[in-house]
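Per-entry structural report
Chain by chain, the residues run as shown.
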Amino acid sequence: MRVLGVDPGLTRCGVGVVEGVAGRPLTMLGVGVVRTPADAELGHRLVAVERGIEEWIDEHRPEYVAVERVFSQHNVRTVMGTAQASAVAMLCAARRGIPVALHTPSEVKAAVTGSGRADKAQVGAMVTRLLRLSAPPKPADAADALALAICHIWRAPAQNRLQQAVALHEATASKGRTA
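Scope of this entry: the structure provided in the associated data block. (Residues numbered from 1 in each chain as written. Predicted model: local features only at pLDDT ≥ 70, side-chain atom pairs only at ≥ 80, totals over all residues. Heavy atoms only, no water.)

**Focus: the environment of Leu-46**
Tracing the sequence through the fold places Leu-46 in helix α1 (residues 42–60). Taking the relative accessible area as the measure of exposure, Leu-46 reaches 21% and is therefore partly exposed. A C-alpha to C-alpha distance of 18 Å links Leu-46 and Ala-142, two positions 96 residues apart in sequence. Ignoring any residue separated from it by four or fewer positions in sequence, one finds Leu-46 in contact with Leu-10, Gln-84, Ala-85 and Val-88. (Helix = DSSP H or I, 4+ residues; strand = E, 2+ residues; numbered from the N terminus. Buried < 20%, exposed > 50% of the residue type's maximum accessible area, 1.4 Å probe, protein only. Contact = heavy atoms within 4.5 Å.)

If you want it as structure tokens, here you go:
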């Protein structure tokens, strides 16, 4: 499974591609940050984020895109920018028919470190260890993007089984109602 992880942001949008399957060693295929100038007009910044993500999708051809789920913060301006960048990432994937998965920060931290309350340094250290890198990816947005991809690779098989079970239950229940 090849996953593009996206840590959304308007100034720095972390991107990272990881390939592998749960229970086996994972491989980092690329990591980086799509940057936009803080003083640029919002529309131009969103277009720059779109172009950056499109380039990553074109180059790495992910099977899935994992995006950090936007959660409430005290700073409304920050959460709005994050939500807008998140929407751009989802749009880029949807345009190509690539499934998108949203993971909360605590889900990602728990998957990668074992604790949903891990700090950025702990996430960076575990990403470094799990991907057998010589140093943690910088800035933290890049490491977070890789953590999102790792989280999805590890969680997707269980999520898929749950979705299949729900679909089977719903199909069985609807047959019972129509019979």
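**As for unusual backbone geometry**
The amide bond that connects Lys-138 to the next residue, Pro-139, takes the cis arrangement and shows omega of -10°. Mapped onto the elements, Pro-139 comes out in the loop between α4 (120–130) and α5 (140–178). In this structure, Arg-132 takes a positive phi of about 55° despite not being glycine. Note that Arg-132 resides in the loop between α4 and α5.

**What to know about the packing of helix α3 (residues 105–113) against α4**
Closest axis-to-axis distance for the α3/α4 pair is 9 Å, and the angle between their directions is 50°. On the basis of their axis angle, the class for α3 and α4 is oblique. Considering only the axes of α3 and α4, their crossing is left-handed. Along its contact with α3, which presents Lys-109, Val-112 and Thr-113, the element α4 presents Gln-122, Val-123, Met-126, Val-127 and Leu-130. When grouped by side-chain class, the residues that make up the contact of α3 with α4 number 5 nonpolar, 2 polar and 1 charged. (Axes fitted to C-alpha atoms, helices over the stretch in contact; angles between N-to-C directions. Parallel < 35°, antiparallel > 145°, perpendicular 65-115°, else oblique. Left-handed = near helix turned anticlockwise from the far one by under 90°. Nonpolar A, V, L, I, M, F, W, Y, C, P; charged D, E, K, R; others polar.)

**Some details on the sheet that holds strand β2 (residues 12–19)**
Spatially, the 5 strands line up as an open sheet ordered β3-β2-β1-β4-β5, and their pairing is mixed. Of all strands in the sheet, those bounded by a partner on one side alone are β3 (27–35) and β5 (100–103). Strand-to-strand twist in this sheet, taken as the mean axis angle between neighbours without regard to direction, amounts to 20°. Here β2 pairs with β3 via 8 bridges, running antiparallel. Counterpart to Gly-14 in the pairing with β3 is Val-33. Against the sheet, helix α2 (residues 76–95) makes contact with β1 (2–7), β4 (64–68) and β5, and its axis sits at roughly 170° relative to β4, the strand it touches most. (Pairing = 2+ DSSP bridges.)

**Let's talk about the pattern of salt bridges**
Scanning the model with the defined rule gives 8 salt bridges in all. Taking the shortest distance from any N to any O, the salt bridge between Glu-54 and Arg-95 comes out at 2.5 Å. Of this pair, Glu-54 sits in helix α1 while Arg-95 sits in helix α2, placing them 41 residues apart in sequence. On the basis of relative accessible area, Glu-54 is assigned to the buried category, the value being 14%. (Salt bridge = Lys/Arg side-chain N within 4 Å of Asp/Glu carboxyl O.)

**A look at the state of the cysteines**
Counted by the stated rule, this structure contains 0 disulfides. There is no disulfide at Cys-151, and the cysteine sulfur nearest it, in Cys-13, is 17 Å away. (Disulfide = S-S within 2.5 Å.)

**Digging into the side chain of Arg-45**
With respect to the helices and strands, the residue Arg-45 is situated in helix α1. Buried and without a salt bridge, Arg-45 has Asp-39 as its closest oppositely charged side chain, separated by 7.2 Å. Here Thr-36 takes part through its side chain, which lies 2.9 Å from a polar atom of the side chain of Arg-45. When sequence neighbours within four positions are dropped, the list of residues in contact with Arg-45 reads Leu-10, Thr-11, Thr-36, Pro-37, Ala-38 and Ala-40. (Lys, Arg positive; Asp, Glu negative; His and termini not counted. Polar contact = N/O pair within 3.5 Å; in protein donor to acceptor, adjacent residues only side chain to side chain.)

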